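Survey of secondary and tertiary structure
Residues per chain are reported as follows:
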Amino acid sequence: MEQLIRISNLNDFIFCPASIYYHGMYEELDRSVYQEIDQIRGTFVHESVDKSTYSTRKDILQGIEVFSEIYQIIGKIDIFDKKTRTLTERKNKITTIYDGYVFQLYAQYFCMIEQGFNVKYLRLYSYSDNKSYSIKLPEDDFEMFQKFNNLTINIANFDLINFRQENREKCNRCIYAPLCVNGGEI
Ligand code: SF4
């Protein structure tokens, strides 16, 4: 069986493919030591989802586990409103709509439609300034859909042993740098 791709890894992979591996290693350690402030805030946003404290409305699904056979993707959705058929991914603060944010939504979307949910709208929500951003469905944005497909193929074929990160700037601001052996030569 192929290795499953975690939804939460998509954004990390875009930053640096090796970070997925180190993310897994650090997960067992004290998160407060290794996560940057913004990441910790983001975690709190998602904890309210995991603990189902966001809403008690029956038409709101929160933090449910989802899986896509086609993409071999697994993870949790953030929020799905069954009434409006809107799938939302919340972030602490959105200043730029990074491709990784969109791909996290796509991954949740593909999992949900495979599981029979009728998802019509995608949305990013910026928690700290209360702003929402509509995102086109993958079938309405061919370029992003192609990028998403390429990303999942690249993750599936990634070779950690032979990977070297050539962008030293990334390594300089990477929380995994103390243990990582995949940074390029200085
Ligand atoms: S230290 Fe560099 S190579 Fe290692 S995970 Fe971070 S960005 Fe990637």
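Below you will find a few notes about this structure. All of these numbers come straight from a predicted model, not from anything done at the bench.

**Considering the overall build of the protein**
- Secondary structure assignment for the protein yields seven helices and eight strands.
- Burial status across the protein gives 43% buried among its 186 residues.
- Relative to all contacts within the protein whose residues are 6 or more apart in sequence, the contacts with residues 24 or more apart total 62%.
- Only carbon and sulfur atoms are counted for the fraction: they give 51% of the accessible area of the protein, which is about 11,100 Å².

**With respect to unusual backbone geometry**
- Look at Arg 85: it is not a glycine, yet its phi comes out positive at around 60°.
- Residue placement: Arg 85 occurs in the loop between β5 (79-81) and β6 (86-91).
- Here Asn 130, not a glycine, exhibits a phi torsion of approximately 55°, which is positive.

**What to know about the sheet that holds strand β4 (residues 73-76)**
- An order of β1-β4-β3 is seen for the three strands of this open sheet, with the pairing classed as mixed. Looking at strand neighbours, the two that pair on one side only are β1 (5-6) and β3 (65-68), the edges of this open sheet.
- Along the sheet face, helix α5 (residues 99-114) touches β3 and β4 and points at about 85° away from the line of β3.

**Brief notes about the environment of Asn 9**
- Of note, Asn 9 is situated in helix α1 (residues 9-15).
- Along the chain, Asn 9 and Gly 100 lie 91 residues apart, while their C-alpha atoms are 9.3 Å from each other.

**What about the pairing of strand β8 (residues 131-135)?**
- Across five bridges, strand β7 (residues 121-126) lies against β8 in antiparallel orientation. By the bridge assignment for β8, Leu 124 is matched with Tyr 133.
- Taking the residues between adjacent antiparallel strands as the criterion, β7 and β8 are bridged by four residues, where Asn 130 takes a positive phi near 55°.

**Some words on the packing of aromatic side chains**
- Enumeration over the complete set of coordinates arrives at 14 aromatic pairs.
- With 5.7 Å between their ring centres and 85° between their planes, Phe 13 and Phe 158 make a pair best called edge-to-face. With a gap of 145 residues between them, Phe 13 in helix α1 and Phe 158 in the loop between α6 (142-156) and α7 (168-172) connect regions that are remote in the sequence.
- Ring-pair connections join several aromatic residues into one group, and the members of that group are Tyr 71, Phe 103, Tyr 106, Tyr 109, Phe 110, Phe 145 and Phe 148.

**As for the site of the ligand**
- Taken together, Cys 16, Ser 19, Gln 165, Lys 170, Cys 171, Cys 174, Ala 177, Cys 180, Asn 182 and Gly 183 make up the full set of residues adjacent to the ligand.
- Along the lines of polarity and charge, the residues of the shell around the ligand split into five nonpolar, four polar and one charged.

**Regarding the nonpolar core**
- In this structure, Leu 10, Ile 73, Leu 87, Tyr 106, Met 112, Leu 122 and Phe 148 are the most contacted members of the largest nonpolar core, which totals 32 residues.
- Where this core is concerned, the elements lending two or more residues are α1, α5, β7 and α6.
- No other element matches α5, which puts 10 residues into this core.
- With near-sequence residues (within four places) excluded, Leu 122 lies in contact with Leu 87, Leu 105, Tyr 106, Tyr 109, Tyr 133, Ser 134, Ile 135, Lys 136, Leu 137 and Pro 138.
- Counting residues in hydrophobic clusters, the runner-up holds eight residues, among them Cys 16, Ala 18, Cys 174 and Tyr 176.

**So, α6**
- If you check α6, its first and last C-alpha atoms are 21 Å apart, about what 15 residues at 1.5 Å a residue would give, namely 21 Å.
- Within α6 the residues assigned to the buried category are Met 144, Phe 148, Asn 149, Leu 151, Thr 152 and Ile 155. The buried side chains of α6 occupy one side of the element, clustering within an arc of 155° when seen end-on. Pointing more than 90 degrees away from the buried face of α6 are the exposed residues Phe 142 and Glu 143.
- Packed against the buried residues of α6 are β1, α1, β4 and α5.

**Some thoughts on the pattern of salt bridges**
- All chains considered together, the criterion is met by three salt bridges.
- Of the charged contacts, one joins Asp 78 and Arg 90 as a salt bridge, the two residues approaching to 3.5 Å between their closest N and O atoms. Taken together, the positions of Asp 78 in the loop between β4 and β5 and Arg 90 in strand β6 put the pair 12 residues apart, joining distant regions of the chain.
- Taking relative accessible area as the criterion, Asp 78 reaches 0% and is therefore assigned buried.
- We note a salt bridge from Lys 91 to Glu 89, for which the minimum N-O separation is 3.1 Å.

Conventions and cut-offs
Residues numbered from 1 in each chain as written. Predicted model: local features only at pLDDT ≥ 70, side-chain atom pairs only at ≥ 80, totals over all residues. Heavy atoms only, no water. Helix = DSSP H or I, 4+ residues; strand = E, 2+ residues; numbered from the N terminus. Buried < 20%, exposed > 50% of the residue type's maximum accessible area, 1.4 Å probe, protein only. Contact = heavy atoms within 4.5 Å. Areas by Shrake-Rupley, 256 points an atom, 1.4 Å probe, with all protein chains shown as cover. Pairing = 2+ DSSP bridges. Axes fitted to C-alpha atoms, helices over the stretch in contact; angles between N-to-C directions. Phe/Tyr/Trp six-rings, centres within 6.5 Å; stacked < 30°, edge-to-face > 60°. Near = heavy atom within 4 Å. Nonpolar A, V, L, I, M, F, W, Y, C, P; charged D, E, K, R; others polar. Core = buried A, V, L, I, M, F, W, Y, C linked by side-chain atoms within 4.5 Å. Expected span 1.5 Å × (residues − 1). Arc of directions from axis to C-beta. Salt bridge = Lys/Arg side-chain N within 4 Å of Asp/Glu carboxyl O.

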